[in-house]
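Examining the three-dimensional arrangement
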Amino acid sequence: AALQELQEYVLFPLRFALKVPGPKQERLVQSVLQCISSVLAATCVKKQELLQELFSELCTCLAPLSGSSKPAPLSEELKLAVIQALHTLMHSAYGDVILSLYQPSTLPLLGFAVSLLLGLAEQEKAKQIKISALKCLQVLVLQCDCQEHRHLDEDEAQQCGDLFASFLPGISITLSRVVTGDIKQGHKTTVSAIRLFYLIVGLVMADGQLARVPKNKEKLPAERSRITELMVHRGPDWSKSTAEKLSLLLHKMVEFSSVHPHWKVRLELVELVHHLLRNCSRSLVGSFSHLLKALVGLVTDENSEVQSRCNEVLQGIAEQRIVAQNRALADVLSENLHSLATALPRLMNSEDDMGKFSTLSLLLGYLKLLGPKINIVLNSVSHLHRLSKALMQVLELDVTDVKIVEDRRWGCESACGPSGSLQHGVLKGGCQKKYFRFFTEEKVFRLLQQVCRVLGYYGNLYLLVDHFMGLYGESALYRKQAAMVLNELIAGAAGVGVDVLQEREDSLNMDDLKASVTSILDEYTDQANWYLITSIDTEEISQEQSVQRSGLTARPGGACNGLLLPSPEPQVTTRTMNSNIWQICIQLEGVGCFAAALGKEFRLLLLSALYPVLEKAGDKTLLISETALGTLVDICEACGYDSVRSLINENSDYLVNGISLNLRQLAHQPHASQVLDTMLRHSDASLLPLVEDVIQDVLSALDQSYSSQASTFLRVLHSVMAALVQWFGPSCGEEHQQRPTAEQRSRTLSQGQQVVTKQEVEQFFLDYVRQKQIAEGNLPDPGDEEADEVPPLAKMEPNNPDTGEAPLPAHAQLAKDVMERCIHLLSDGNLRVRLKVLDVLELCVTVLHPHGNHLLPMAHRVWPALVTRLISDDPLAVLRAFKVLCTLAERCGDFLRQRFSKDVLPKLTSSLLSQAPASARAGPVYNHTLAFKLQLAVLQGLGSLCEKLDMGESDLNKVADACLIYLSAKQPMKLQEAAQ
Amino acid sequence: MALPPPDPEFVLRGTSAAVHTLHFSCGSQEPDAPLLFSGSENGLIHVWNLKTHRVDTALDGHGRKSVYCVETMGGKDRLLSQGRDQRICLWDLAEGRTSVTDSVFMENVGFCRCSLLRVAPGRWLMAMAAKALEEVQVLELPSKTSVCTLKPEVGAKLGMPMCLKLWQLSCGAQPLLLAGYEDGSVVLWNLSMGKALSQLDCHQEPVMSLDFDSEKAKGISGSSEKVLSIWSLHEQQNLQVYKTHKLVNAGISDITIRPDKKILATAGWDHRIRIFGWKNLKPLAVLDYHTATVHCVSFSDHKNPSERLLAAGSKDHRISVWSIYTQT
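In this text the structure is predicted, and so the values were computed from the model without any measurement.

Glancing now at the overall build of chain A. Secondary structure summary: chain A contains 49 helices and 0 strands in total. A total of 980 residues make up chain A; the buried ones form 55% of that total. When contacts within chain A are restricted to residue pairs at least 6 apart in sequence, those whose partners lie at least 24 apart make up 78%. When the accessible area of chain A is evaluated, it comes to approximately 42,900 Å², of which 53% is carbon and sulfur surface.

Below, the structure is given as structure tokens:
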């Protein structure tokens, strides 16, 4: 405080020392300057004159020698001291006092100081000087970072703005040179240069100030006309031309610093964009394409701080609705978008993955920034066209992988086994990995996904869906991509997994979404798009084609059918098949997407959607069936079902409806059977009442077309029977184990037999009914089945089960019906059909096993056909037939004894005998031949067979004779073991 | 060449008993799903939601005895059902209730479906077979007061009434009753006089079903024979055979003329549904889906013609629903 009062006195000698003309020692000047600084730091300047004088005196210290343009050849320390003294001076000045410096009259003085400092900042080598010069400049333009300064009110700011406008060209050009200068100058310099740049530009070009600038230049008093000439009038013309120039500079700076290696520079760039966008969104519209590009590009910066700040800024922009309210900005953005979309395919072709990534994030950023204004862009035909074409090209899939076609699902033989593991594998869900032509990285795809979702989120859904549906139908080339885009659009529209900056204006209309989904779903599952050729199995192809043809006749007016149909002589290459497979997969994924988008609302659509999906789940191509299962899992989640099983169980009525209707058309039969197949595999016994209904349809359909469709239907029958065995297996198995023991006991205790069987049967029925009830617990109409089942039980108990004419339980009745058909098909001309029939037969026998009095007549009827298979057929068939025989023997016991010894045994033993020499001679390769397997099976089976059938002595002798040969050392080891 | 006959739009399963009667109620406003009522042999009335194709509720009011007639009274909240337990029940279904509000005991044990006619808002006439073998009784609902009993002349030997159709030329006009009898004749009754106006012997066998178009003053009846008989009503209230149509297979269990009077559907014992043009009885389609006798056919009352449906219930426990409006 004391110093404050003595300030002028203390300063006087110092100022005098500076002012003394003639050469001075540099060190002296430096010390004087430092002294002034410390005095000023401790006091404040209260007088305008003092301030102005000090200011000018300090500036003259650095003034170049008169005449030369170079700055004075002074030492760096001195320069630094001057700058610091200036800095302190500015800080020590009182608020009102300092404003006196910013009058038009002091313009020359200020100009001198500014140019001085700029010169230092640009040309000096020392980092320190550069930075302090820039800092000092910052103070000089009243934009210091520190808090002490009084905030300028509007008029004052306006005044300063007017003033600084004169310096703007000089400052901005120099600063841009500094910014784009050598990287070696260090990031601090660049950072402060950038900061200064945006501060000054933000001040001078502020929208608020420019708006208040009067149209015409004020007439100033004549005596100040010289100074007035220096003043700039910030009219519209001026601001326009300045903006153009600034735009050039900004472009250069942004280009340079957005790839600057130091993250702080990039961070400062973000700040720059932020500041300018906030303050000059109207005056600098022309530069925004660069600025936004930089900003959006930096969203994916490797430095997390830059990233987060960038996101913040974007968020801020979006929240303030700068874009939404500013039509011009939206125009800029849409223009950017347009050019980017145009260039996108080319860029995707040429850039590396990193480049692609940044390009796409740019695209995404534009879309996000546009937000609700996206519709402006979409409403322009050319924009939408460009954008969609770009997406189509970028998303092109690579369909050259041969493996996709080759990967087949296991045939039906192993059908029931892997169902458990299958479900496990799929439960994780998720999409199939796709291979794109233009990129390999997953994150690129994620970006594209986001692009589509953001589009769907903000955009007019009807317009978009309509457009992409158009592309979908337009050419097979775009179909997959369009489907992918559609899927994501819907997901985005529902707000699933979208990452956006601002809420959309009108919240989602569920009805609209539903309508769109329904129309897309219809298109996807249209015959022409759903049944595509995916394999070269001649059998299947002909079916597919007949389907397509029938599809064509069914809808002769269909617009896209013509394009789709293969030419009369279809050249089905692996490529097209691959592409078809992918298309189906994408469509399946789409169904899953839609389910996720609609949630429980999707339950209504299950009516039409579930059937096609299940159909594909039964497809032979691994990829398709897996995708379909994934879709099922998705649907389960979306609709709130616990598992695929409950999904199928609860919607089995829809499925059965579809199956039964499709069975009526020859061409659709294979598909219907696929659906049934899948349904059975993923479900449980609770389905039985409905399945029973539909199996009757299957059987009647089979009856109508024995020749052509036998093999497809057999597959279904096989899965039906396999399912029955599985569902009712435990009780069968139980029985199975009990039977032999009971029989053994009966031999010793002829009295006990009846009691045992009675109890046993009773037990079985109780078990059965209990199971039945459990299984039917959640069925809509359990009444009927129980009504059928309970009375027989009541009747059964008092009766002797052996004589009771109990009606068969439904599944056994089914097995009986199936067996009936098998008898006819056993002598089919096609070996494959025969083999299948034998398999089915075996399962039938297993199911029918507990119902002896029904099985025996059937066995009787089956016998002749079976014998023919055993005696004179292809070895493969004989093998299977023998297996059936063994199963049958287990069940029917002595019923078969007579027939076996009469019809089959002689043939078997003779064949064994005749084969013996051959196998004795054969080498190790023989182990892999069919004949060997047959021998092995027969030898292994014969023993137990004889035991079960309780063979007579003579027959046993025959068997023994035949087997004895095989005990010979010359026979292969395995055969020997089996013979023992 | 004509298009092949269409497949059913969808099939409703789960009644687990033969379906004897069907009745649509689809006229309601958008948020309410269109409904189909079905009465089946196990005494349940199922209320099908035609949006989800599933049973909304199952009404049990006839003691597990077959239900063979279901009608709505006004909206879908009031329902009339007739069962083999000799009761006609009136249901209140509003707001999820499922209660029988009233019932009429029928002394007749035949199969004759009752017929319902709205004569004024909130007032209905119902014709049903009466206790005496040949008689028909007409009640007013909901008051249950007897309006008249229609007795044939002594010695007419018509047998039991088999099917009834109450109608009136226009609102407020004299209600009339058409009744088909066991001996194959169709009789037109005047309700106020309680007197037969005209009698026509259409069939050799009992009349199984009939429907009447009051605009064209023409009616059609089917019996267990192979013949459909179309008859017209002259101004003197006189029935006359107009035309007969021979069928391939015998037995018609139900005939319904579509509300717009353009086509009619028959439910055949040969498992088939046949569609005819009503004007000239031109056969239009044979809908083949069921695997057992079709018991009933019914047209829906959707407001929008393109949504309208035909449903058929059969002994095979299924209800097939067809969309044939657009194709005819």
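There is more to say, and it comes next.
Another aspect to go through is the overall build of chain B. Each helix and strand in chain B was counted, giving 0 helices and 28 strands. The buried share of chain B, reckoned over its 328 residues, is 58%. Within chain B, contacts between residues at least 6 apart in sequence are counted, and of these 43% link residues at least 24 apart.

Okay, the sheet that holds strand E16 (residues 185-190) of chain B next. Residue and element names in this part refer to chain B. Taken in spatial order, the 4 strands make up an open sheet running E14-E15-E16-E17, and their pairing is antiparallel. Both edges of this open sheet fall to strand E14 (161-168) and strand E17 (195-201), since each of them pairs with a single strand only. Looking at each pair of strands side by side, their axes are set apart by 20° on average, direction ignored. Sheet analysis places E16 next to E17, joined by 6 bridges and oriented antiparallel. In the sheet register, serine 185 faces E17, and the bridge partner there is aspartate 201.

All names here are of chain B. Along the chain, the position of glutamate 225 falls in the loop between strand E19 (218-223) and strand E20 (227-233). Here glutamate 225 sits buried without a salt bridge, and the closest side chain of opposite charge, lysine 246, lies 8.1 Å off (N-O distance). Once residues lying within four places of it in the same chain are set aside, the contact partners of glutamate 225 are His203, Gln204, Glu205, Ala250 and Gly251.

Considering all chains together, one arrives at 5 aromatic pairs over all chains under this definition. Judged by centre distance (5.0 Å) and plane angle (85°), the ring pair of Tyr457(A) and Tyr458(A) falls under edge-to-face. Tyr458(A) matches Tyr457(A) in its accessibility class, with the two residues each being buried. With a centroid separation of 4.5 Å and 35° between ring planes, the pair formed by Trp167(B) and Phe212(B) is classed as tilted. With Trp167(B) in strand E14 and Phe212(B) in strand E18 (residues 207-213), the pair connects residues that are 45 residues apart, well separated along the chain. The exposure class assigned to Trp167(B) is buried, which follows from its relative accessible area of 6%. Positioned over the ring face of Tyr654(A) is Arg54(B), at 4.1 Å from the centre of the ring. Lying across the ring of Trp278(B), Lys218(B) places its NZ or CZ 5.0 Å from the centre.

Conventions used here
Residues numbered from 1 in each chain as written. Chains lettered and ligands numbered in written order. Predicted model: local features only at pLDDT ≥ 70, side-chain atom pairs only at ≥ 80, totals over all residues. Heavy atoms only, no water. Helix = DSSP H or I, 4+ residues; strand = E, 2+ residues; numbered from the N terminus. Buried < 20%, exposed > 50% of the residue type's maximum accessible area, 1.4 Å probe, protein only. Contact = heavy atoms within 4.5 Å. Areas by Shrake-Rupley, 256 points an atom, 1.4 Å probe, with all protein chains shown as cover. Pairing = 2+ DSSP bridges. Axes fitted to C-alpha atoms, helices over the stretch in contact; angles between N-to-C directions. Lys, Arg positive; Asp, Glu negative; His and termini not counted. Salt bridge = Lys/Arg side-chain N within 4 Å of Asp/Glu carboxyl O. Phe/Tyr/Trp six-rings, centres within 6.5 Å; stacked < 30°, edge-to-face > 60°. Lys NZ or Arg CZ within 6 Å of the ring centre and 35° of its normal.

Purely geometric stuff here, so don't read any function into it on its own.
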